[in-house]
Amino acid sequence: MRLDRFLTGQNIATRKEAKELAKAGLITLNGAVVKDSSVNIDPAADSVAVRGIPVHYREHLYIMLNKPGGVVCATEDKRHRTVLDLLPEPLQRRGLFPAGRLDIDTEGFVLITDDGDFAHKMLSPKCHVPKTYQAVLEHGISGEETERFCSGLILSDGTRCLPAQLSVLREGDAPLVETVLYEGKFHQVKRMFEAVGNRVVSLKRIKIGMLPLDPKLRPGEAREIMHKECLQILGSNSGKK
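What counts as what
Residues numbered from 1 in each chain as written. Predicted model: local features only at pLDDT ≥ 70, side-chain atom pairs only at ≥ 80, totals over all residues. Heavy atoms only, no water. Helix = DSSP H or I, 4+ residues; strand = E, 2+ residues; numbered from the N terminus. Buried < 20%, exposed > 50% of the residue type's maximum accessible area, 1.4 Å probe, protein only. Contact = heavy atoms within 4.5 Å. Lys, Arg positive; Asp, Glu negative; His and termini not counted. Charge placed at Lys NZ, Arg CZ, Asp CG, Glu CD. Core = buried A, V, L, I, M, F, W, Y, C linked by side-chain atoms within 4.5 Å. Pairing = 2+ DSSP bridges.

Peer 1: What am I meant to see in the overall build of the protein chain here?
Peer 2: In terms of helices and strands, the protein chain carries six helices and 13 strands. Along the longest, intermediate and shortest principal axes, the C-alpha atoms of the protein chain span 70 × 35 × 30 Å. Within the protein chain, the fraction of its 241 residues that count as buried is 45%. The contacts of the protein chain with a sequence gap of at least 6 include a subset with a gap of at least 24, amounting to 63%. The protein chain carries 35 positive and 31 negative side-chain charges, and their two centres are separated by 4 Å.

Written out as structure tokens, the structure reads:
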């Protein structure tokens with residue numbers, strides 16, 4: 001890989017900036033100053049530093065974002081802010097995209113990455129990676145309605161859903177429930193509650209696989225996900241088929 005491409009991919013510098021840094025003697029390769037930014041390197045074996053600061057190679061980037069309402073899960077949009085617009089500069093990188101979507105008014109855990117294979121495994125219906133949501137409902141849920149969720153209810157258009165988990169966290173005027181889905185149909189959570197005669201007032205995704213949304217992240221904040229946390233996402237298949 002060319003050195004300038006490496007630095008661009010790690011969000012250190014543009015190719016033009018890399019060329020200027022090299023000419024100024026501010027880039028070292030394995031401890032030696034390199035003045036040609038087009039030189040080929042082995043990202044996995046070679047040591048690169050810019051202004052004395054080591055650049056650690058990451059082939060892909062995985063980001064947890066706590067999405068606020070009013071933001072769309074897209075790479076670009078002419079009318080609304082996107083999840084990519086919320087990323088701080090250290091986490092910005094070419095090729096990033098949201099792995100899956102939340103409605104504009106839905107909050108919570110959105111995974112952003114540039115790893116298409118990982119996203120495919122996370123979203124594939126064959127893998128059944130669970131997604132956990134908390135919803136405030138218009139009114140309470142009955143035991144019979146909970147059973148319909150657990151047995152796989154049918155939506156108003158005839159679509160049959162996979163069995164889902166549903167539990168009541170809070171009763172009263174603003175009942176709070178938690179549901180775990182093993183698929184990702186369009187507006188599925190809202191449509192499932194509509195199918196049992198209820199309405200979602202607010203919705204938040206709190207977990208993907210076995211990786212929960214970091215409680216330290218305020219709405220609009222993001223942080224990098226480590227390798228062991230990625231395993232919590234893909235390694236969480238609970239055997240649902």
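Peer 1: How do you make sense of the nonpolar core when you look at a structure like this?
Peer 2: The tendency in soluble globular proteins is for nonpolar side chains to be buried as a group. Ile63, Ile112, Phe149, Met192 and Phe193 are the most contacted members of the largest nonpolar core, which totals 33 residues. Once residues within four sequence positions are removed from consideration, Phe193 is found in contact with Leu137, Ile141, Phe149, Leu166, Val177, Asn198 and Val200.

Peer 1: What is the right way to read the pairing of strand E7 (residues 107-113) from this model?
Peer 2: Looking along a regular strand, one sees the side chains alternate between the two faces of the sheet. Within E7, six of the seven residues are buried, which leaves the element mostly enclosed by the surrounding structure. Where strand E5 (residues 62-67) meets E7, six bridges bridge the pair, whose relative direction is antiparallel. Looking at the pairing, Asn66 lines up with Phe109 of E7. Pairing of strand E6 (residues 97-98) with E7 involves two bridges; the strand directions are antiparallel. In the strand pairing of E7, Pro98 is matched with Ile112. Examined bridge by bridge, E7 and strand E11 (residues 200-208) share two bridges and lie parallel to one another. Looking at the pairing, Gly108 lines up with Arg205 of E11.

Peer 1: Please explain unusual backbone geometry as it appears in this structure.
Peer 2: Comment: phi is negative for the bulk of residues other than glycine, and the bulk of peptide bonds are trans. Despite not being glycine, Asn11 has its phi angle at roughly 60°, a positive value. Among the structural elements, Asn11 can be located in the loop between helix H1 (3-9) and helix H2 (15-23). Exposure remark for Asn11: the relative accessible area of 32% places this residue in the partly exposed category. The phi dihedral of His187 is positive, around 50°, even though this residue is not glycine. When its relative accessible area of 33% is taken as the criterion, His187 is described as partly exposed.

Keep in mind that these numbers describe shape and distance, not what the molecule does.
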